[in-house]
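The residues making up each chain are set out below.
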Amino acid sequence: MGLTSGGAPLPPLSRPRWLRRLPHVVICLIALGVGLRTDAMSAAYRLDVEFGLLAGTAQGVALVLALWRPVPAWWLSLSAAFVVAVAARSNMADMVAPGPNWPWLGPAIIAHAFILLLLALRMPASVALAVLTITGLITAFVQGVLGGGPYSGTGLLAVSVFAVAVLLGTAVRGNREARTQLVEQESLTAEERSRRTLLEERNRIARELHDVVAHHMSVISIQAQVAPHLVDNPSDELRENLDGIRQNALEALTELRRVLGVLRSENPDDPYGLGAPGTGAAPHAPQPTLDRLDVLVENTRTAGLTVTTEISGERLPLAPGVELSAYRIVQEALSNVLRHAPGSVVRVELTHFPRGLQIRVVNSAPRRPAPPSPGAGHGLLGMRERAMMLGGTLMAVETSCGGFTVAAFLPRSGVAVPTGSAPGDHAPEHRAPGAFDGNIPGTTNPVNRTYPTSPKTPKTPKNPTGDTS
């Protein structure tokens with residue numbers, strides 16, 4: 001099938017642009033030179049001028065054709081060389097030794113070698129080897145079996161030149177294919193690494209949120225057990241329903257514990273910890289909330305950073321998932337400052353609004369070069385995942401003074417607040433004073449949009465627990 005196919009055309013050079021067609025121009029010039037050497041063929045083999053012109057034109061056309069259809073070009077070149085060799089055989093009987101070069105003349109060798117080179121560049125190695133083998137066999141048949149009068153044999157020289165051309169073309173093609181496969185593999189590896197990082201971060205978030213869900217299920221079970229004792233003479237239907245609620249809660253809690261057992265490792269490290277690995281919380285410790293923010297800031301100060309906190313607005317109850325995500329966002333932002341901006345000054349701002357919580361962590365430029373980071377590169381990805389999961393938004397931009405700002409807004413209930421003029425809705429024009437409008441002071445790319453509201457139709461996040469199964 002390879003010997004009957006056309007092969008792919010020779011592409012232009014990628015750079016520089018003014019040399020894109022240089023290979024095509026060079027091949028066409030060589031083909032023109034081969035076609036004009038008809039006098040040498042006529043003089044060496046005593047052939048008619050018309051026959052020599054036809055044979056030379058066939059060789060030149062085959063060389064040009066090899067730019068687009070290398071296999072048919074090889075057939076044409078080999079056929080023209082064979083016909084010329086057979087036609088010249090009858091005219092060499094009365095020649096004087098050493099005779100002309102036969103069965104390949106110099107121009108024919110050059111043309112056929114370039115054709116084989118172009119073929120090896122565009123076709124698989126097996127096809128190139130088959131073409132070289134057929135060329136060698138036909139050359140050996142014409143020179144060794146048919147023979148002729150006095151001549152200088154050029155078969156061995158021609159086959160050697162052809163072998164070098166095929167070897168060179170095959171090596172170049174193999175190198176090009178290897179580079180292409182390497183680029184594709186690197187792209188696949190980068191995509192797989194990004195996907196694995198996302199799944200690992202979602203798994204980490206799911207592990208934490210399962211703790212929150214397990215706590216609520218425990219509360220439901222206890223409340224269902226206590227409820228009959230709070231009512232005088234409860235009916236049998238009420239007792240039965242409450243008992244069913246309690247049993248379902250216990251079963252769900254059991255399944256959650258099994259899931260937690262799968263998600264937790266035997267020796268869990270705190271991926272968000274500010275200290276050395278292995279100093280994180282115990283496997284069954286409760287998940288942190290904003291009540292532990294002072295401890296987190298104090299630990300960061302101990303690590304060598306100057307941290308100031310500013311909390312404003314009336315603090316209203318937040319959903320457990322929002323409390324946990326807010327704490328983790330601040331924790332990861334401080335961890336990034338420790339890793340990438342040693343010696344900088346950090347300001348942590350928490351602003352409570354009726355609709356949610358605004359978080360800002362701003363650091364100044366580092367005072368000394370940052371050492372190589374041991375982190376896994378999950379920080380910004382994890383923060384964005386947490387904000388998106390709760391229907392919130394998050395930005396991370398560089399400031400004009402060389403520092404960095406992480407700004408986020410989390411809805412109070414963990415669900416995006418719709419915009420509009422319906423009663424009870426908080427439209428943008430009724431935004432609380434100082435609400436996060438997306439413009440971060442001192443940043444290089446301020447935006448002009450309102451973060452607490454969403455321009456899209458609100459929807460409840462799927463799978464609030466973040467379970468990736």
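Here the residue numbering is sequential within each chain, running from 1 through the sequence in written order. Under the rules for a predicted model, residues below a pLDDT of 70 receive no local features and side-chain atom pairs below 80 are neither given nor counted, while totals for whole chains, interfaces and linings still include all residues. Hydrogen atoms and water are omitted, and side-chain values are computed over all heavy atoms in the structure.

(A) Representation of a negative patch on the surface within the structure. Together, Asp236, Glu237, Glu240 and Asp243 line one region of the surface with negative charge. Residue placement: Asp236 occurs in helix H8 (residues 236-263). Here's how the labels work: a residue is buried when its accessible area is under 20% of the maximum for its type, exposed when over 50%, partly exposed in between, all with a 1.4 Å probe on protein chains only. The class of Asp236 is exposed, set by a relative accessible area of 60%. A patch consists of residues whose relative accessible area exceeds 30% and which take part in no salt bridge; residues with like charges are grouped when within 9 Å of each other, and nonpolar side chains (Val, Leu, Ile, Met, Phe, Trp, Tyr) when within 5 Å. All accessible-area figures derive from a Shrake-Rupley calculation using a 1.4 Å probe, and residue coverage is judged against the displayed protein chains alone. A side-chain nitrogen of Lys or Arg and a carboxyl oxygen of Asp or Glu constitute a salt bridge if their distance falls within 4 Å. Lys and Arg are tallied as positive, Asp and Glu as negative. Neither His nor the chain termini are counted. To locate a charge, take atom NZ for lysine, CZ for arginine, CG for aspartate or CD for glutamate. Secondary structure counts use DSSP, requiring at least four H or I residues in a row for a helix and at least two E residues in a row for a strand, with both numbered from the N terminus.

(B) Quick peek at the pattern of salt bridges. Applying the stated rule across the entire model yields eight salt bridges. A salt bridge links Glu177 to Arg173; the nearest nitrogen and oxygen atoms lie 2.8 Å apart. Here Glu177 and its partner Arg173 are both found in helix H7 (residues 155-226), four residues apart, which amounts to about one turn of the helix. According to the relative accessible area criterion, Arg173 is buried, its value standing at 16%. The salt bridge partner of Arg195 is Glu191, with a shortest N-O separation of 3.1 Å. You can see Arg195 and its partner Glu191 sitting in helix H7, four residues apart, about one turn around the helix. Glu191 sits in the partly exposed class, given a relative accessible area of 44%. Taken together, the salt bridges that share partners define one network made up of Glu191, Glu192 and Arg195.

(C) Region of the structure containing the nonpolar core. We call a set of buried residues a nonpolar core when its members are Ala, Val, Leu, Ile, Met, Phe, Trp, Tyr or Cys and they connect through side-chain atoms within 4.5 Å of each other. Among the nonpolar cores identified, the biggest contains 35 residues, and Val330, Val346, Ile359 and Leu410 are the most heavily contacted of them. Elements that contribute at least two residues to this core include exactly H7, helix H9 (293-302), helix H10 (320-340), strand S4 (345-353), strand S5 (356-363), helix H11 (379-389), strand S6 (393-398) and strand S7 (404-411). Broken down by element, the residue count for this core peaks at nine residues, all from H10.

(D) Geometry of the side chain of Glu349. With respect to the helices and strands, the residue Glu349 is situated in strand S4. Polar contact is defined as a pair of N or O atoms within 3.5 Å, subject to the rule that within protein one atom must be able to donate a hydrogen and the other to accept it, and that residues adjacent in sequence are counted only when both atoms are side-chain atoms. Separated by 2.3 Å, the side chains of Glu349 and Arg347 make a polar contact. Contacts between residues were defined by any pair of non-hydrogen atoms, one from each residue, lying within 4.5 Å. For Glu349, the residues in contact, after removing those within four places along its chain, are Glu310, Gln358, Ile359 and Arg360.

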